[in-house]
Amino acid sequence: VVCVYIYMSRRAVLARSLAVLTLPQGLLPRARAAEFTTTAGGARRSSGDGDPHRLAVPELAPGSRRLYLCRHGETDWNVAGRVQGMTDIPLNPNGRSQAAALAAILADVPIGLVASSALGRASSTADAVAALHPGARRLVDARFNEMNFGSLEGEELRGGSPRREEYEARLAEWEAGRTSVRLPGGGESPEEVAARALKGLRELGALPPLAAAAGGAGVPSCPRHVCLVAHGRFNKILLAALRGDVSRASQVAQGNTAVNIVDIDEGGACTVVAVNLLDHLRAAAQPPA
């Protein structure tokens, strides 16, 4: 089975073919690879009303939910190229400005739940979004924390660093399908991150429960529009898991405060509307007309 996944940015649309499920079937969403489609029209900055700070997206189909999966704003460790992982590094001033720009572009979206990682850089970014949605429920869940990078946390991986070579070797193993391999020094594997991420979404009700575990129980009550603010590698793994192949996580780009939009129907089939949308940062840098 092969499906096509489209990476969207303002300037380019890149199609990649996907195949081969790597997670055990019990951990995967009910959506199958053959059901995972994309919308080439996608999300974009709104220009029809003259306001580039508002997000324009296709109408959500009846019975579906929409997940706005976002990355946190910038930190000093991002700037330095240091691995953060589970280390709790706060937003820097630019990161706080990015969080405000993210909140602004999502201001008109009828978000009913704002969830985030328990790490400060993600929870602070989510708080900025939640401030413009006073009626939305706010949830912090450590299952949405960044991947545990083990002994690589705090390391700079730029240039010819020996630790960079070590990390790239792990990436190569994951891309070859060995996604159960953990990072050194007590770090996690992509499959472990995917498992906790999917479990968290199911308990929110954003994903339907596993058929084996449902036992006739009702799906948890969940708003139709959910914002989840998390982390770069976490988001890459979750998006890859939703499309059925965790080994492809490194193909997903994630800038600071990137917006990814995934529609999930009642049966669990996923439609990716946009990935790594960053136009709000360009819009924020533009002077008022």
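Refer to the preceding data block for the structure.
Residues numbered from 1 in each chain as written. Predicted model: local features only at pLDDT ≥ 70, side-chain atom pairs only at ≥ 80, totals over all residues. Heavy atoms only, no water.

Draft legend 1. Quick look at the pairing of strand S10 (residues 259–264). Within S10, six of the six residues are buried, leaving the element largely enclosed by the surrounding structure. Burial along S10 is two-sided: Val259, Ile261 and Asp263 and Asn260, Val262 and Ile264, pointing in opposite directions, are all buried. Of the pairings in the sheet, the one linking strand S6 (residues 65–71) to S10 comprises six bridges and is antiparallel in character. Counted as the bridge partner of tyrosine 68 is isoleucine 261 from S10. Pairing analysis gives five bridges linking S10 to strand S11 (residues 270–277), with the strands arranged antiparallel. Residue pairing for S11: valine 259 is matched across the bridge by leucine 277. Counted along the chain from S10 to the antiparallel partner S11, the turn is five residues long, and its residue glycine 268 has a positive phi close to 95°. (Buried < 20%, exposed > 50% of the residue type's maximum accessible area, 1.4 Å probe, protein only. Helix = DSSP H or I, 4+ residues; strand = E, 2+ residues; numbered from the N terminus. Pairing = 2+ DSSP bridges.)

Draft legend 2. Broad picture of the packing of aromatic side chains. Per the counting criterion, the structure on display carries two aromatic pairs. A centroid spacing of 6.1 Å and a plane angle of 75° characterise the contact between phenylalanine 144 and phenylalanine 234, whose relative ring orientation is edge-to-face. Taken as a pair, phenylalanine 144 in the loop between strand S8 (137–140) and helix H4 (162–175) and phenylalanine 234 in helix H7 (residues 232–242) lie far apart in primary sequence, 90 residues in all. On the basis of relative accessible area, phenylalanine 144 is assigned to the buried category, the value being 0%. On the accessibility criterion, phenylalanine 234 (0% relative accessible area) is buried. Seen in terms of ring centroids, phenylalanine 149 and tyrosine 167 are 5.9 Å apart; in terms of plane orientation they differ by 55°. Their pairing is tilted. Taken together, the residues span a long stretch of sequence, with phenylalanine 149 in the loop between S8 and H4 and tyrosine 167 in helix H4 at a distance of 18 residues. One residue, arginine 82, lies across the ring of tryptophan 77, its end atom 4.0 Å from the ring centre. (Phe/Tyr/Trp six-rings, centres within 6.5 Å; stacked < 30°, edge-to-face > 60°. Lys NZ or Arg CZ within 6 Å of the ring centre and 35° of its normal.)

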